[in-house]
Amino acid sequence: MTSFSFSTSIAILALNFMVIMVSMETTNAQLTSNFYSSTCPKLLSTVQPVVQSAVNKEARMGASLLRLFFHDCFVNGCDGSILLDDTSTFTGEKMAKPNNGSVRGFEVIDQIKAAVEQACPGVVSCADILAITARDSVVALGGPSWDVLLGRRDAKTASLSAANNNIPPPNSSLSGLITSFQNQGLSTTDLVALSGGHTIGQARCVSFRPHIYNDSNIDASFAQAKRANCPSTSGSGDNNLAPLDCQTPTHFDNKYYNNVVNMRGLLHSDQQLFSGGSTNALVQTYNSNPSQFFKDFVAGMINMGNIQPLTGSNGEVRTNCRKTN
């Protein structure tokens, strides 16, 4: 009897251990490029034409969609939290200082989500849609492609304070940028390569005003040209736009680094990458070697996409990206 009880106990413990291990594997499942191969096989072909159409209508939208993914991942991981609207009982991230009046493209995400829901209802997360959309936006503007790792689920919460604190502002110092990226598990190489995303898109006067009026590490003629559309007085022309890459603002290439080397980085944080610090050599490498930039940018995007994803039974798959189920 004692022997039977002992054997039974061992069997039960082994079974419980197996259940726990399966649960852990489900919860901590790794992202994979073929996550939806059976549940939503037409996912990629559903997303791509919507992104392409949006970029065709407005090239800047490609940069905006890429930025959405960045601003999502830097706040408690790539969980789609940036897409949640505020309600009378819920405070999201859209009104955070780095996002308010700045992040855009939510309507495009809504269009993509609607198309995906029609193809495979209740299967694909908004967090994964952001990851795919970021890749497709880069490709639509001439940049590199890569296999997007998938399997994220959507957050049921958001964090206004984390959005205010985790996303590096345009006045960041080099050490501040490095620390911000390190806090997300990203390297200095990731920092410099991902900053190359500024080869597309535009910035508001309020973001680059201090650099063009107060900094010395800026080409004088470049600063003067930018002042014409960005008055020195705070509140005046704050939303006036200028391209982050003054050479090819709607084409994804390595010209951003050429601008920075020539002291024509639009943001203070851009120019910090080439101001005598530890990142000078990488900037020079990407300026002279576009294929290396593309390679490291792809690696950086994959690394960023791996920041604290919700997987398994964590989170949910939202039906509407703007609100929890």
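Note that the structure is predicted; figures quoted are calculated from it, not measured. (Residues numbered from 1 in each chain as written. Predicted model: local features only at pLDDT ≥ 70, side-chain atom pairs only at ≥ 80, totals over all residues. Heavy atoms only, no water.)

Enquirer: Would you mind going over unusual backbone geometry with me for this structure?
Expert: Only a minority of non-glycine residues have a phi that is not negative, and only a minority of peptide bonds are not trans. Positive phi, normally seen in glycine, also occurs at M263, with a value near 60°. We classify M263 as partly exposed; its relative accessible area is 27%. (Buried < 20%, exposed > 50% of the residue type's maximum accessible area, 1.4 Å probe, protein only.)

Enquirer: Got a minute to help me understand the state of the cysteines in this structure?
Expert: Between two cysteines, a covalent bond joining their sulfur atoms is known as a disulfide. Summed over all chains, the structure comprises four disulfides. Between C73 and C78 runs a disulfide, and the two sulfur atoms are separated by 2.0 Å. Where C73 bonds to C78 through sulfur, the torsion about that S-S bond is close to 120°, and the disulfide is right-handed. Taken individually, C73 and C78 each receive the classification buried, so the pair is uniform in this respect. The partner cysteine of C126 in its disulfide is C321, sulfur to sulfur 2.1 Å. Taking the torsion about the sulfur-sulfur bond, which here is approximately -100°, the covalent link between C126 and C321 counts as left-handed. Of this pair, C126 sits in helix 5 (residues 126-140) while C321 is found in the segment after helix 14 (290-305), placing the two residues 195 residues apart along the sequence. A single burial state applies to C126 and to C321, both of which are buried. Each disulfide in the protein links cysteines that, numbered along the sequence, combine into the pattern 1-4, 2-3, 5-8, 6-7. The closest cysteine sulfur to the non-disulfide-bonded C246 is located on C230, 15 Å from its own sulfur. (Disulfide = S-S within 2.5 Å. Helix = DSSP H or I, 4+ residues; strand = E, 2+ residues; numbered from the N terminus.)

Nothing here speaks to function; it is geometry throughout.
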